[in-house]
Amino acid sequence: MAAPMLRCLSRGRWFGTTDSLAVLPLGLRKAHSGAQGLLAAQKERGLFKEFFPDRSTEIELPELFDRGRTGHSPQTIYCGFDPTADSLHVGHLLALLGLFHFQRAGHNVIALVGGATARLGDPSGRTKEREALDAERVQTNARALCAGLESLAANHQQFFADGRKWGRFTVLDNSAWYQRQQLVDFLAAVGGHFRMGTLLSRLSVQTRLKSPDGMSLAEFLYQVLQAYDFYYLFQHYGCRVQLGGSDQLGNIVSGYEFIHKLTGKDVFGITVPLITSTTGAKLGKSAGNAVWLNRDKTSAFELYQFFVRQQDDSVERYLKLFTFLPLSEINHIMQLHVREPEKRDPQKRLAAEVTKLVHGQKGLESAKRCTQALYHNSIDALEVMSDEELKELFKEASFSELVLDPGTSVLETCRKANAIPDGPRGYRMITEGGVSINHRQVTNPESVLIVGQHILKNGLSLLKIGKRNFYIIKWLQL
């Protein structure tokens, strides 16, 4: 099978992979067979929440996708991602999963980075205006998001291929068409097709107008630009479906009305649910609770642990939303969980599937090593960990590089690493059992360090003082 192609317009290049493809379990193949199966399966999983127009669920959308599956051209679906930060986060994953499911069914999908619209700020779901970002910052963020989307799509292709011919995954940046627009020309061509009463009636606008801070003109015009994005993609890529979070429905409707006025054609919108914290807050940068997909901001271990820590009452739903596992397999996993809940197998499977999608197989293996090293006191896991993994795992730990002199003792090591105070107090901390090296308690301050016990094969020592204070030592010239 030819591998699906992936491109980023802003970078002007195409690439794909040619890895051998695993066969998808029969249950998921059936779930994707035909248009009714695609839409109904994702509705059943809880991934597709709302359809616009409402009537499209029963007739128009299934027919649209059916034509794409029976010899006609595949359909094109897009979803937008504003570069308000230099990384995607877990809150973006459901929209991406939605795109991936369409791609797996043979349709072409577009991930649109809002390199232009991010400077206005989307008011949807917000109680106050976003902090303004300058053009250079937005451009930097946009490049990072393009790279992040490319990486996720490549992992999807490499680790979750199912033997069928997929559609294309394309990454675009809307600054590519807005930078060619003149303001007056744009308003003259586009502005007359929007009615103020309709724009003012949107829930996101009404909420902001009633807030103490009100709403800026820039924010108000955001829905116009998002509508134009939909129109541009419709005209140039034949895109007839916009996917977005449930807070995007008003913006999607604006795009539908704009395109229908100009062309007389119908387009469609599909929303995915918003992921919230245990307190009900939307996960994201603005709420301060983002779990980032960029490893420099949230390590593979931290992402893995975020999903491992999910409660029993949400893990089945998350397996349906965040993974490609067939429902029959999820049901089997949950049945086993009832018998042995202490194993937390659903949480571990969820964490593994998501981590592999985001960080690849190596990232998943790293997350598991870190888990073994931290929570299971595994010496074997510590010995094969890299400097980077240790720094990710023990972010608050002090990192020291020391030369191992002959006869170096536990006490000297602790003092050189500034882990204990000088004098009798530091000495007593060791004798009273408050110090461990590589998860082994040491109580004799005069003990000489032994390679293979106090110093691991990778030349590292993990020093722990008390219950929470970690120090990483890298030994030089061993």
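Residues numbered from 1 in each chain as written. Predicted model: local features only at pLDDT ≥ 70, side-chain atom pairs only at ≥ 80, totals over all residues. Heavy atoms only, no water.

Trainee: Give me the lowdown on the overall build of the chain, citing residues and values where you can.
Mentor: Each helix and strand counted, the chain has 20 helices and 13 strands in total. Counting every position in the chain, which comprises 478 residues, the buried fraction comes to 52%. (Helix = DSSP H or I, 4+ residues; strand = E, 2+ residues; numbered from the N terminus. Buried < 20%, exposed > 50% of the residue type's maximum accessible area, 1.4 Å probe, protein only.)

Trainee: So what's going on with empty space enclosed by the protein? Which residues, and what values?
Mentor: Scanning the model with the defined rule gives two cavities of 30 Å³ or more in all. Approximately 30 Å³ is the volume attributed to the second largest cavity. Together, D122, P123, S124, S204, V205, M215, E219, Y222, Q223 and N251 line the second largest cavity. Among the elements of the structure, α9 (203–209) and α11 (222–237) are those that each provide at least two residues to the lining of the second largest cavity. Per-class residue counts for the lining of the second largest cavity are four nonpolar, four polar and two charged. (1 Å grid on protein atoms, 1.4 Å probe; cavity = no way out; pocket = protein on both sides within 12 Å on 5 of 7 lines; lining within 4 Å. Points joined across faces, edges and corners; volume = space filled by probe spheres on them. Nonpolar A, V, L, I, M, F, W, Y, C, P; charged D, E, K, R; others polar.)

Trainee: For the pattern of salt bridges, give the residues involved together with the corresponding values.
Mentor: Side-chain pairs of opposite charge can arise where the charged atoms are in close proximity. For the coordinates displayed, the defined rule picks out eleven salt bridges. Across the pair E392 and R295 runs a salt bridge, and its minimum N-O distance is 2.8 Å. Here E392 is found in helix α18 (residues 387–393), whereas its partner R295 is found in the loop between β8 (268–272) and α13 (300–308), with 97 residues between them in sequence. You can call R295 partly exposed: its relative accessible area is 23%. It is possible to trace a salt-bridge network through shared partners that takes in R104, D162 and R164. (Salt bridge = Lys/Arg side-chain N within 4 Å of Asp/Glu carboxyl O.)

Trainee: Any details on unusual backbone geometry? Residues and values, ideally.
Mentor: The omega torsion of the bond from F52 to P53 falls at -10 degrees, within 30 degrees of zero and hence cis. Mapping P53 onto the fold places it in the loop between β3 (50–52) and α3 (60–69). Phi angles above zero are rare outside glycine, and N438 is one such case at about 55 degrees. Turning to its location among the elements, N438 is positioned in the loop between β10 (435–437) and β11 (440–441). Although it is not a glycine, H439 sits at a positive phi angle of roughly 70 degrees. With respect to the helices, strands and loops of the structure, H439 is situated in the loop between β10 and β11.

Trainee: Which residues make up the environment of A381, and what values do they have?
Mentor: Its location among the elements puts A381 in helix α17 (residues 379–383). Note on A381: relative accessible area 7%, which makes it buried. For A381 and R369, which are twelve residues apart along the polypeptide, the C-alpha to C-alpha distance reads 5.3 Å. Apart from the residues within four sequence positions on either side, A381 is in contact with R369, Q372 and A373. (Contact = heavy atoms within 4.5 Å.)

Trainee: Account for the packing of helix α4 (residues 90–104) against helix α5 (residues 135–160), naming residues and giving values.
Mentor: Packed helices, taken two at a time, are described by the angle between their axes plus the distance between the axes. Relative orientation of the contacting elements α4 and α5 amounts to 45 degrees, with a least axis distance of 12 Å. With respect to each other, α4 and α5 are oriented oblique. Crossing hand, α4 versus α5: right-handed. Residues L96, F100, Q103 and R104 of α4 form the contact with α5, whose participating residues are L149, L152, A153, H156 and F160. Each residue belonging to the contact of α4 with α5 can be placed in one class, and the counts come to six nonpolar, two polar and one charged. (Axes fitted to C-alpha atoms, helices over the stretch in contact; angles between N-to-C directions. Parallel < 35°, antiparallel > 145°, perpendicular 65-115°, else oblique. Left-handed = near helix turned anticlockwise from the far one by under 90°.)

Trainee: I'd like a rundown of the layout of surface pockets, residues and numbers included.
Mentor: In this model, the second largest pocket occupies a volume close to 720 Å³. The wall of the second largest pocket is formed by 27 residues, among which G115, A116, S175, Y178 and Q179 lie closest to the centre. Counting residues per element, the ones that place at least two in the lining of the second largest pocket are α5, α6 (175–178), α7 (183–190) and α11. Residue composition of the lining of the second largest pocket, by class: 15 nonpolar, eight polar and four charged.

Trainee: Which residues make up the environment of P406, and what values go with them?
Mentor: Note that P406 resides in the loop between β9 (398–403) and α19 (410–416). Along the chain, P406 and L449 lie 43 residues apart, while their C-alpha atoms are 9.0 Å from each other.

Trainee: Which residues make up the nonpolar core, and what values do they have?
Mentor: Formed by 66 residues in total, the largest nonpolar core has its most connected members in F81, F307 and F322. Of the residues forming this core, the biggest block, nine residues, is contributed by α4. Other than its neighbours up to four places away in sequence, F322 contacts V90, L93, L94, L97, I275, F307, L350 and V354. (Core = buried A, V, L, I, M, F, W, Y, C linked by side-chain atoms within 4.5 Å.)

Trainee: Can you explain α13? Please cite residues and give values.
Mentor: Spacing of three or four residues puts side chains on the same side of an α-helix, whose turn is 3.6 residues. Taken across its nine residues, α13 has eight buried, putting it largely inside the fold. Where α13 is buried, its residues touch α4, α14 (312–322), α16 (345–375) and α18.

Trainee: Outline the packing of aromatic side chains, listing residues and values.
Mentor: Summed over all chains, the structure comprises 19 aromatic pairs. With 5.4 Å between their ring centres and 55 degrees between their planes, F160 and F324 make a pair best called tilted. Pair noted here: F160 is in helix α5 and F324 is in the loop between α14 and α15 (327–339), with a separation of 164 residues, a long-range link. When sorted by exposure, F160 lands in the same class as F324, which is buried. By way of ring pairs, the aromatic residues W177, Y178, F186, F194, Y228, Y231, Y232 and F258 are connected into one cluster. The ring of W292 carries the charged tip of K297 above its face, separated from the ring centre by 4.6 Å. The ring of F160 is capped by K356, whose NZ or CZ atom sits 5.3 Å from the centre of that ring. (Phe/Tyr/Trp six-rings, centres within 6.5 Å; stacked < 30°, edge-to-face > 60°. Lys NZ or Arg CZ within 6 Å of the ring centre and 35° of its normal.)

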